[in-house]
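Take a look at the letters that make up each chain.
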Amino acid sequence: MEIQPSDLGLVARVAGLGKHYGTGAGAVTALEDVSLGLRRGEFTAIMGPSGSGKSTLMHIMAGLDSATTGRVWLGDTEITELPDGALTVLRRRRVGFVFQAFNLVPTLDALGNVLLPFELDGRRPTREERALIDGLVERLGLADRLRHRPHELSGGQQQRVATARALATRPDLVFADEPTGNLDSRTGREVLEILADASRTHGQSIAMVTHDPIAASHADRILFLADGRIVRDAQRTSAEEIATYMLSMERAA
Amino acid sequence: MIGRLRSGQGPTLLVATIASAFGVALLQVTGYLGSAMRADDVTGSSGTAALMLAIVAWVFIVIAVYVSGIVTANTVATVVAGRTRQIALLRLLGSTARAQRGAIAREGLAIGAIGAVLGLVVGTLVAIGLAEWAAAADVLPRVDHAWADPVVLSPAIVAVLITWLAAWAGSRRVLAVRPSEALGNAAARSQEELAGRRGRTATAATLATVGTLLLLLGVALGLVTPLGVLVGLLGGVLSFTGIVLGAHVVMPPILRLVGRALGTSPSARLAAENAVRHPERSSRMTIGLVIGVTLVTMFAVAMESYRDLLFAATEDRPDLRAGIEQMVSATVAVFGILVGFSALIAAVGLVNTLSLSVLQRTRELGLLRALGFERRQLRAMVLAESTALTAAATVTGLVLGTFYGWAGAQSLLGSVQGEPLVILPSIPWGVVGVLIVAAGVLTLVASLAPSRRATAVSPVAALAIE
Ligand SMILES: Nc1ncnc2c1ncn2[C@@H]1O[C@H](COP(=O)(O)OP(=O)(O)O)[C@@H](O)[C@H]1O
Ligand SMILES: [Mg+2]
């Protein structure tokens, strides 16, 4: 019997992952032979210079894009060859997303956006989920904003709504791609603290792509990518150390 | 850049061509009928008859041109809304808003001119074809007719002017684009679009109120004299103009109501919201259809009521009924075809605008896919959005048409039996059925292209930063 990712305490795993765009002279290698496992309950940051393949890695692990070579698991489900319909349902039930921008459906109010994953699944939140949502809304300071449409909210508020949406379904894994990229440092820190807190107190697994050392310093584990390969796998460390390492990476390049 | 609005403007050319071809064909046919009547003038009244025909023809041409103007203005406005960023960038780099708007209007003029010429050719060929057919089938005698009558140029010229004017009107939003919008993300500003429409709303409300009062007066007068129909006609024209002018107030609540009827699934709820997210755009998308459905229904209801009255009066002469039936169906069919061209133009506009609206929502569709919307649900959403638009237009048109048709029949025929007679509206189920089927077909056709585009959007599109 094959060893399942969960036997290793992993919530997601890729093995020998490669992603190539185009062919011939114009071909681009976005990822090359990447193997890694994300541990359940951990807050993992994925760092690297621009163009190093962070977003591509995240898209493939989240079932948004397909791999050129290698295998991908989410939980114990191998998603490498999963058809679109099954992938969609899997994203809906088991993955949460926070993007850098354009996170919310403009025609739905804040609450409608938070509840959208439940609705897509054709159900209402259970009592526990409702309590979780109420708690999130309270903590995110959104209580008096629930009936507002996205265009009536500030960037930080929009990102907090997106964070609440991503956490509300208690997904196996929350993916965040530069979630603080469009925010000022104070609002950015608020969002990061919410993510870190969800991981600490609820054991929420989170994978966050970022190029900001301060953002990465909130994480339990930091993966560094360069030219489509993992070049370092570090435990929690300070923003200064991360910044120094990033600088040395860019000098080496 | 902004001068090139070509994507999404193919339909504008189609609309200009249909409007011009329809007008030209109608005037050519009218002219040919005039020649035929002069050739066989026993009563010496061919001049008056030809004039009457020309007036009737122009009524239909004006309706078609009016609808084509609304459609073109809406198309241009939609394209401009989707290009806010680009326009803002050009403004930022120093281009003036007037220059950009001027470029759009000039392009409208060019498209209108091409459409007019195409329409001139197509319309004339159709008219010649019809004349040949009529002669071959012995419907009309073969007569000499000068097809190169300069009069037929007029609808083509009107089509050019209206396309130009509509492009100018539709591009007004260009003036409101601030250069800074190139930097931030241009959020939905539909609310703003609605501001500053007070004057138009007030005019619309006044027309609708005065018109309705006149219409009711006409109905009351009609109980004693058939001349009541003239007062009623004036009231009808005024009140309907009020409704069309006030479409931005009238249509959104109806769209919301219809949207609610679509159900509570996420696809249906989003579709209902999408149908009213740009109230001005949706109003213009639907009002052309409302005009078409209202006119056809009105005429059919009035004729049906007339027929029922005639049937009642000829209860002892069943031999006359076949003739009456034929006369009524022929009139309704001819009228339906003439109004149908306006409805066709409105339909082209609806299909195109829905397509553009979906195209402009790529990132939102990607977001929905990322969050777990299946392709099937996206298709359902687009279909529901299309349904909301066509259903709102059809229902509104059927209700208005039934009311106007009844009012017309009542004011014209309420006194014919010598004593006041209350006429109940007779519903022409055949015509209603045809309209509903046509609306259903339009719903499907309109959702085809956008739904294909929507399902092709990759969820990664939502994460990409422009
Ligand atoms: N759709 C695509 N077509 C071609 N090349 C792409 C595409 N998407 C990403 N790339 C390339 O793949 C590499 C990795 O991109 P990405 O994962 O977005 O990097 P990061 O998020 O680290 O900035 C880059 O060189 C980028 O140009
Ligand atoms: Mg990236």
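Given the structure is predicted, the values throughout are model-derived calculations rather than measurements. (Residues numbered from 1 in each chain as written. Chains lettered and ligands numbered in written order. Predicted model: local features only at pLDDT ≥ 70, side-chain atom pairs only at ≥ 80, totals over all residues. Heavy atoms only, no water.)

Some points on the overall build of chain B
What chain B contains, in helices and strands, is 17 helices and zero strands. Taking 23 Å as the expected radius of gyration for a compact globule of 466 residues, we find that chain B reaches 24 Å, a close match to that expectation. Across its three principal axes, chain B shows a C-alpha extent of roughly 75 × 50 × 40 Å. The proportion of buried residues among the 466 residues of chain B is 49%. Long-range contacts, defined here as pairs at least 24 residues apart, represent 85% of the contacts in chain B between residues at least 6 apart. Here chain B has roughly 20900 Å² of accessible surface; of this, 71% comes from carbon and sulfur atoms. Positive and negative side-chain charges of chain B, numbering 34 and 23 respectively, have mean locations separated by a distance of 20 Å. (Helix = DSSP H or I, 4+ residues; strand = E, 2+ residues; numbered from the N terminus. Rg over C-alpha atoms; globule rule 2.2 N^0.38 Å. Buried < 20%, exposed > 50% of the residue type's maximum accessible area, 1.4 Å probe, protein only. Contact = heavy atoms within 4.5 Å. Areas by Shrake-Rupley, 256 points an atom, 1.4 Å probe, with all protein chains shown as cover. Lys, Arg positive; Asp, Glu negative; His and termini not counted. Charge placed at Lys NZ, Arg CZ, Asp CG, Glu CD.)

Quick word on the sheet that holds strand E4 (residues 69-74) of chain A
All names here are of chain A. The antiparallel open sheet is built from four strands, whose spatial order is E2-E1-E4-E5. A strand with exactly one partner marks an edge of an open sheet, and here the two such strands are strand E2 (28-39) and strand E5 (77-78). Where E4 lies against E5, two bridges are found, and the strand directions are antiparallel. From the neighbouring strand, leucine 74 faces E5, where its bridge partner is threonine 77. (Pairing = 2+ DSSP bridges.)

Focus on helix H3 (residues 84-92) of chain B
Residues and elements named next belong to chain B. Taken together, the buried positions of H3 are Thr84, Ile87, Ala88 and Leu90. The buried residues of H3 occupy an angular sector of 160° when the element is viewed end-on, so they sit on one face. Considering only its buried residues, H3 is in contact with helix H2 (46-82), helix H4 (97-136) and helix H6 (173-176). The positive-phi residue at the C-terminal boundary of H3 is glycine 94, with phi of around 115°. (Arc of directions from axis to C-beta.)

Focus: the site of ligand 1
Residue and element names in this part refer to chain A. Taken together, Tyr21, Val28, Ala30, Pro49, Ser50, Gly51, Ser52, Gly53, Lys54, Ser55 and Thr56 make up the full set of residues adjacent to ligand 1. Here glycine 53 contributes a backbone N or O atom positioned 3.1 Å from an oxygen atom of ligand 1. Lysine 54 is positioned with one of its side-chain polar atoms (N or O) 3.0 Å from an oxygen atom of ligand 1. Within the complex, the protein chains bury 58% of what would otherwise be the 560 Å² of accessible surface of ligand 1. At the level of secondary structure, the elements contributing two or more residues to the shell around ligand 1 comprise E2 and helix H1 (54-61). (Near = heavy atom within 4 Å. Polar contact = N/O pair within 3.5 Å; in protein donor to acceptor, adjacent residues only side chain to side chain.)

Examining the interface of chain A and chain B
Taken together, the contact between chain A and chain B spans 26 residues of the former and 26 residues of the latter. Summed over both partners, the interface of chain A with chain B buries about 2500 Å², with 64% contributed by carbon and sulfur atoms. Among the residues of chain A in contact with chain B, Phe102(A), Thr107(A) and Leu120(A) are the three that bury the most area, contributing 23% of the side total. Put simply, chain A and chain B have five salt bridges between them. A salt bridge links Arg369(B) to Asp84(A); the shortest N-O distance between them is 2.7 Å. At the junction of chain A and chain B, the tally comes to 10 residue pairs in polar contact (both at pLDDT 80 or more). Contributions of two or more residues to the side of chain A that touches chain B are made by H1, helix H2 (84-94) and helix H3 (110-120) of chain A. Among the elements that take part in the side of chain A that touches chain B, H2(A) stands out by supplying five residues, more than any other. (Buried area = accessible area lost by both parts, 1.4 Å probe. Salt bridge = Lys/Arg side-chain N within 4 Å of Asp/Glu carboxyl O.)

Considering the domain arrangement of chain B
Residue and element names in this part refer to chain B. Entries for chain B in the domain assignment read domain 1 (1-183) and domain 2 (197-459). The centre of domain 1, based on its C-alpha atoms, is set 23 Å off from the matching centre of domain 2. Taken together, the contact pairs 25 residues of domain 1 with 24 residues of domain 2. Both faces considered, domain 1 and domain 2 share a buried interface measuring about 2100 Å² in area, 74% of it formed by carbon and sulfur atoms. Considering only the surface of domain 1 that becomes buried against domain 2, Phe60, Asn74 and Thr78 emerge as the three largest contributors, covering 26% of it. At the boundary of domain 1 and domain 2, one finds zero salt bridges. On inspection of domain 1 and its partner domain 2, the count reaches four residue pairs in polar contact (both at pLDDT 80 or more). Of all the elements in the fold, those that place two or more residues in the side of domain 1 that touches domain 2 are helix H1 (10-39) and H2. (Domains from an automatic or database assignment.)

Concerning the UniProt feature "domain: ABC transporter" (unreviewed entry) in chain A
The UniProt entry lists residues 12-252 of chain A under the feature "domain: ABC transporter" (unreviewed entry), expressed in the numbering used here. Split by type, residues 12-252 of chain A is 39% helix and 25% strand. Its first and last C-alpha atoms lie 30 Å apart. (UniProt positions renumbered as here; feature names shortened; annotations may be inferred.)

Some words on the packing of aromatic side chains
If you walk through the whole model with that rule in mind, you get 10 aromatic pairs over all chains. Here Phe22(B) and Phe341(B) contribute two aromatic rings whose centre-to-centre distance is 4.7 Å and whose plane-to-plane angle is 25°, an arrangement assigned as stacked. Of this pair, Phe22(B) sits in helix H1 while Phe341(B) sits in helix H13 (residues 321-359), and the two are 319 residues apart along the sequence. Residue classification places Phe341(B) among the partly exposed positions, given a relative accessible area of 32%. Three or more aromatic residues joined by ring pairs make a cluster, and in this case those are Phe240(B), Phe403(B), Tyr404(B) and Trp406(B). Here the guanidinium or amino end of Arg232(A) rests over the ring plane of Tyr245(A), the centre of that ring lying 4.5 Å away. Stacked on the ring of Phe311(B), the Lys or Arg Arg307(B) has its end atom at 5.1 Å from the ring centre. (Phe/Tyr/Trp six-rings, centres within 6.5 Å; stacked < 30°, edge-to-face > 60°. Lys NZ or Arg CZ within 6 Å of the ring centre and 35° of its normal.)

Quick look at the environment of Arg91(A)
Tracing the chain through its elements places Arg91(A) in helix H2. Classification of Arg91(A) by relative accessible area gives buried; the value is 1%. Distance from Arg91(A) to Leu64(A), taken between C-alpha atoms, is 8.4 Å for residues 27 residues apart in sequence. At 2.7 Å, the side chain of Arg91(A) forms a polar contact with the backbone oxygen of Arg369(B).

Some words on the side chain of Glu119(A)
With respect to the helices and strands, Glu119(A) occurs in helix H3. Of note is the side chain of Glu119(A), whose polar atom sits 2.5 Å from the side chain of Arg269(B). Once you skip the residues sitting within four places of it in the chain, Glu119(A) turns out to touch Pro266(B) and Arg269(B).

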